[in-house]
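Remarks on the overall topology
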Amino acid sequence: MRVLVLFDLPSVSKNEKRSYVRFRKALIEDGYVMMQYSIYMRFCRNLKDAQKHIVRVQAIAPKDGNIRILSVTEHQYENMILVIGEKTETEKSVGNEYVVIIE
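Presented here is a report on the structure given in the accompanying data block. Since the model is a prediction, treat every value here as computed from it, not as a measurement.

**What about the sheet that holds strand 4 (residues 66-72)?**
Read across the open sheet, the four strands follow the order 2-3-1-4; overall the sheet is antiparallel. Edge positions in the open sheet fall to strand 2 (33-36) and strand 4, since each of these has one partner strand only. Looking at each pair of strands side by side, their axes are set apart by 30 degrees on average, direction ignored. For strand 1 (residues 2-8) and strand 4, the ladder comprises seven bridges, and the chain directions are antiparallel. Note on strand 4: the bridge partner recorded for Phe7 is Ile67. With respect to the sheet, helix 1 (residues 14-29) is in contact with strand 1, strand 3 (39-43) and strand 4, its orientation differing from that of strand 1 by roughly 170 degrees. Packed onto the sheet, helix 2 (residues 47-60) meets strand 1, strand 3 and strand 4 and runs at close to 175 degrees relative to strand 4.

In structure tokens form, the structure reads like this:
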């Protein structure tokens, strides 16, 4: 299954920019990769694993902005339609095979 984090965070003031950078860095440290600007994705083995990472996102979320989390199965993720653009380098290198990193 995949967990997608979609966010729109304010980044006008110095403190807002700092919060944005901290949030983004924390996502990357937790294994998320950027699909598109402000959309990050992470592979999870099962629903329990996904819940663990969802709780982590909730814990690191800044107080302002808009953050949404969407969990989808591998089948749903594979049925995503790419209308314009190309797959990211990560999607090209992984393809339809799963990559599991054991912590």
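**Examining the nonpolar core**
Grouped together as the largest cluster of nonpolar side chains are 13 residues, with contacts concentrated most on Val3, Val5, Phe7, Phe23, Leu27, Tyr32 and Val57. At the level of secondary structure, the elements contributing two or more residues to this core comprise strand 1, helix 1 and helix 2. When residues no more than four places from it in sequence are discounted, the contact partners of Phe7 are Tyr20, Phe23, Leu27, Ser38, Ile39, Tyr40, Asn66 and Ile67. Judged by nonpolar contacts, the second largest core, of six residues, contains Met35, Met41, Val72 and Tyr77.

**Thoughts on the packing of aromatic side chains**
With the rule as written, the count across this model stands at three aromatic pairs. Between Phe7 and Tyr20 the ring centres are 6.0 Å apart and the planes differ by 55 degrees, which places this aromatic pair in the tilted class. Of this pair, Phe7 sits in strand 1 while Tyr20 sits in helix 1, and the two are 13 residues apart along the sequence. A residue is classified by how much of its surface remains accessible, and Tyr20, at 25% relative accessible area, is partly exposed. Ring geometry for Phe7 versus Tyr40: centroids 5.7 Å apart, planes at 25 degrees, classification stacked. Separated by 33 residues along the polypeptide, Phe7 in strand 1 and Tyr40 in strand 3 bring together distant segments of the chain.

**Some remarks on the pattern of salt bridges**
Overall, the coordinates contain three salt bridges when judged by the stated rule. Between Glu74 and Arg2 there is a salt bridge, with its nearest N and O atoms 2.7 Å apart. You can see Glu74 sitting in helix 3 (residues 74-78) and its partner Arg2 sitting in strand 1, a full 72 residues away along the chain. Residues Glu74 and Arg2 agree in their burial class; the two are buried. For Asp30, the salt bridge identified is with Arg56, shortest N-O distance 2.5 Å. Of this pair, Asp30 sits in the loop between helix 1 and strand 2 while Arg56 is found in helix 2, placing the two residues 26 residues apart along the sequence.

**Regarding unusual backbone geometry**
If you check the backbone angles, Ser38 has positive phi at about 65 degrees while not being a glycine. Here Ser38 shows up in the loop between strand 2 and strand 3.

Cut-offs applied
Residues numbered from 1 in each chain as written. Predicted model: local features only at pLDDT ≥ 70, side-chain atom pairs only at ≥ 80, totals over all residues. Heavy atoms only, no water. Pairing = 2+ DSSP bridges. Helix = DSSP H or I, 4+ residues; strand = E, 2+ residues; numbered from the N terminus. Axes fitted to C-alpha atoms, helices over the stretch in contact; angles between N-to-C directions. Contact = heavy atoms within 4.5 Å. Core = buried A, V, L, I, M, F, W, Y, C linked by side-chain atoms within 4.5 Å. Buried < 20%, exposed > 50% of the residue type's maximum accessible area, 1.4 Å probe, protein only. Phe/Tyr/Trp six-rings, centres within 6.5 Å; stacked < 30°, edge-to-face > 60°. Salt bridge = Lys/Arg side-chain N within 4 Å of Asp/Glu carboxyl O.

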